[in-house]
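Structural overview
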Amino acid sequence: MDAGEPGMENIRKKYDGLCDRIIRYNYHYYDLDSPLVDDAEYDALMWELLEIENKYPSLKRDDSPSSRVGGRVSAVFSEVPHDPPMLSLGNVFSPEELDEFDQRCRKNLTGGKTVEYSMELKFDGLAVEVLYENGVLVRGSTRGNGDVGEDVTANLMTIKNLPLKLKSTDPPAYLYARGEVYMSHAGFEALNRQREESGEPPFANPRNASAGSLRQLDPRITESRPLECVFYGTGRSSGIEIGSQDGLFSTLASLGIPVPEFYEVGGIDKIRNFYDSWAENRHRLHFDVDGVVVKVNDFSHREKLGVTTKAPRWAVAWKFPAKEAITALESVDFQIGRTGLVTPVANLSPINIGGVMVRRATLHNFSEIERLGVRIGNMVRVIRAGDVIPKVVEVIHRNDSKGKKINPPGRCPSCGSELKKEDIYLRCVNADCESLRLEKLKFFVSKDAMDMEFFGPELVMRLYRAGKLRDVSDFFRITREDLLGLERMGDKLADKILESINARRKIPLSHFLKSMGIRNVGEHIAAVIAREALSLEKVMGMSVEDLMEIMEVGPGVAESVNSFFNNRTNRDVIDSMLASGLRVEDEKRPAAAGSPVSGKTFVFTGTLSGLSRSEAEKMVADLNGRASGSVSKKTDYVVAGESPGSKYEKARELGVKILTEDEFIDLVGKTGM
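Described below are features of the structure shown in this document. Please read all numbers here as calculations on a predicted model, not as lab measurements. (Residues numbered from 1 in each chain as written. Predicted model: local features only at pLDDT ≥ 70, side-chain atom pairs only at ≥ 80, totals over all residues. Heavy atoms only, no water.)

With that settled, the discussion passes to empty space enclosed by the protein. Remark: the empty space left among the atoms is shown by a probe the size of a water molecule rolled over them. Under the defined criterion, the tally for this structure stands at 1 cavity of 30 Å³ or more. In terms of lining, the largest cavity is formed by Val80, Glu129, Val130, Leu131, Arg139, Gly140, Ser141 and Tyr176. Here the lining of the largest cavity is built from residues that sort into 4 nonpolar, 2 polar and 2 charged. (1 Å grid on protein atoms, 1.4 Å probe; cavity = no way out; pocket = protein on both sides within 12 Å on 5 of 7 lines; lining within 4 Å. Points joined across faces, edges and corners; volume = space filled by probe spheres on them. Nonpolar A, V, L, I, M, F, W, Y, C, P; charged D, E, K, R; others polar.)

Here it is, written out as structure tokens:
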């Protein structure tokens with residue numbers, strides 16, 4: 001079909017509409033730091049545009065988004081040219097598309113033989129370039145439109161993990177390093193809390209917070225923001241020889257420039273394994289990533305493959321399934337939790353997020369509904385936190401005149417009893433509420449509590465409806481006949497369920513405390529109380545004052561624990577559990593009080609090379625020390641790994657002793673373990 005054939009005018013109109021929409025979306029994303037659509041929708045529109053341009057090249061406009069990188073350059077900042085241009089990456093979304101990329105590389109490089117690739121996580125931040133002359137940082141800029149960026153030198157210099165001077169006695173004459181500025185989840189949440197307290201609107205996500213923070217006219221504002229940076233590429237440089245991506249990472253790290261913690265080198269199979277592992281575990285990271293960047297490792301091979309006007313032919317970004325999407329909020333239900341807390345739940349127009357069809361999402365609480373300004377009928381942004389729990393985080397298209405206000409209920413939607421107001425929360429305090437009873441049962445067998453295998457919410461519900469479950473002690477009285485009396489229950493599954501129950505008949509005190517669903521008592525506080533009390537009998541006899549003498553136990557926790565164990569119904573349930581064969585083991589006695597760790601408070605920051613953060617914190621806890629998440633005057637030691645963050649700087653300000661990982665291990669070793 002050519003430009004004069006029937007039907008071409010409709011294609012042209014569609015193409016022009018796509019161009020105009022994407023240009024508008026680019027403006028809001030890159031220039032205003034306020035995206036109108038989620039990444040998945042944007043990628044779909046761009047894909048559709050490229051398909052039309054490939055099929056009808058005569059239609060391609062000079063201002064097509066496919067020929068541009070990023071946004072325009074703001075007139076507020078000076079212009080900085082990039083040499084060579086800072087290109088974006090082509091995207092792939094499936095193993096098949098990755099295979100096509102691999103086949104093109106093999107065909108042009110090795111005649112079909114295998115090619116070695118590097119693979120790294122794709123940070124969801126703001127692309128930047130910094131210039132070091134003779135080892136000193138002299139300029140920094142944003143990517144801008146790819147050819148020209150914005151001079152944000154003064155702002156970049158405030159980022160704490162960006163070295164102002166390279167670690168080298170013989171630095172290169174000049175070095176352009178390219179990477180990303182981003183914000184950790186903890187930093188982002190802390191920043192939004194500060195903004196809310198001062199009456200400012202919160203940022204939508206860490207990427208927008210990073211972009212807005214880096215493009216401030218006052219560097220003091222940027223300095224107050226918890227920004228971090230990481231580098232993974234170079235521009236034109238002199239006095240430095242690098243031949244591969246892994247060589248680049250090694251060289252940058254030796255100069256003190258932060259590089260990605262997680263990267264590998266290998267063939268196509270290793271890329272698939274790397275991608276699958278991080279697609280499943282990305283929620284464990286303390287920062288946002290949206291895919292894996294795959295690059296031909298050998299720089300000489302890259303030169304042979306070359307680049308297009310927009311992207312290199314030697315690299316692609318294999319995007320993760322989207323973790324967020326925009327959809328309509330159709331109605332709101334009110335859900336009762338295991339402690340009686342009333343949570344508003346949004347019923348959504350079904351939307352696919354990360355390969356999962358999402359129909360419901362939490363609205364947190366009624367104060368959050370008011371803060372977001374959300375109403376029934378609004379278009380809202382939904383994310384899957386930790387890739388599991390969907391939640392509404394932002395109103396995209398607000399229309400108060402058409403939207404229906406969400407009013408909190410006056411009575412429990414399950415049992416009809418009057419709700420109790422507690423600060424910003426509503427709670428059902430009727431112990432006989434069926435929803436509350438069911439949620440307690442579901443929690444007791446969940447991974448966060450007793451972790452009884454094969455016990456999903458559906459099985460709990462079926463046993464409850466069959467009259468076999470009323471309280472948590474009943475789990476230890478379930479028989480094979482009870483299970484086989486249920487529909488769709490076979491002999492093998494029944495035996496596995498009973499094995500799982502029997503495996504939980506002997507548990508430590510800390511495990512028992514976290515499983516009972518006591519308000520304000522999670523895994524950490526349960527362990528703290530157990531290490532102090534040592535036995536169940538001791539915990540049950542502790543007064544509020546006794547509990548508050550334990551470090552980290554405040555009035556709220558003390559009241560909750562004391563109230564729980566002084567409740568006659570709860571004591572009867574515990575007695576019934578013990579009579580049914582449950583054995584709550586005394587907690588192991590901590591290390592001697594005279595050990596270097598005993599009674600000390602530790603904070604860990606940065607990446608540890610020989611230990612995971614959880615392993616290090618457990619070592620401290622096992623030796624009667626305390627692992628904390630924040631630095632204060634009461635902190636005894638801060639253990640700093642690679643790329644320490646703001647906790648390191650705060651420790652220096654407060655004069656807290658800072659240990660390296662090796663010094664920490666030496667200190668722990670003095671306990672005689």
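Our next topic: the state of the cysteines. The final tally for this structure, using the stated rule, is 0 disulfides. Cysteine 412 carries a free sulfur, and the closest cysteine sulfur to it, the one in cysteine 415, is 3.6 Å from it. The class for cysteine 412 is buried, based on a relative accessible area of 4%. (Disulfide = S-S within 2.5 Å. Buried < 20%, exposed > 50% of the residue type's maximum accessible area, 1.4 Å probe, protein only.)

Moving on, we get to the environment of serine 563. With respect to the helices and strands, the residue serine 563 is situated in helix α20 (residues 555–566). The class for serine 563 is partly exposed, based on a relative accessible area of 48%. Each C-alpha atom, one on serine 563 and one on isoleucine 242, is 65 Å from the other, the two residues being 321 residues apart in sequence. (Helix = DSSP H or I, 4+ residues; strand = E, 2+ residues; numbered from the N terminus.)

Turning next to the pairing of strand β11 (residues 315–319). Most of β11 is tucked away: 5 of the 5 residues are buried. Here β11 shows two buried faces, one formed by Ala315, Ala317 and Lys319 and the other by Val316 and Trp318. Pairing analysis gives 5 bridges linking strand β10 (residues 289–296) to β11, with the strands arranged antiparallel. When the bridges of β11 are listed, lysine 295 appears paired with alanine 315. (Pairing = 2+ DSSP bridges.)

With that out of the way, let us pick up the sheet that holds strand β5 (residues 136–142). The 4 strands are arranged β5-β4-β7-β8 in an open sheet whose pairing can be described as antiparallel. If you trace the sheet from one side to the other, it starts and ends with β5 and β8 (227–234), each paired once. Strand-to-strand twist of the sheet, defined as the mean angle between neighbouring strand axes without regard to direction, takes the value 35 degrees. Taken strand by strand, helix α8 (residues 245–254) contacts β7 (174–183) and β8, and its axis lies near 135 degrees from that of β8. (Axes fitted to C-alpha atoms, helices over the stretch in contact; angles between N-to-C directions. Contact = heavy atoms within 4.5 Å.)

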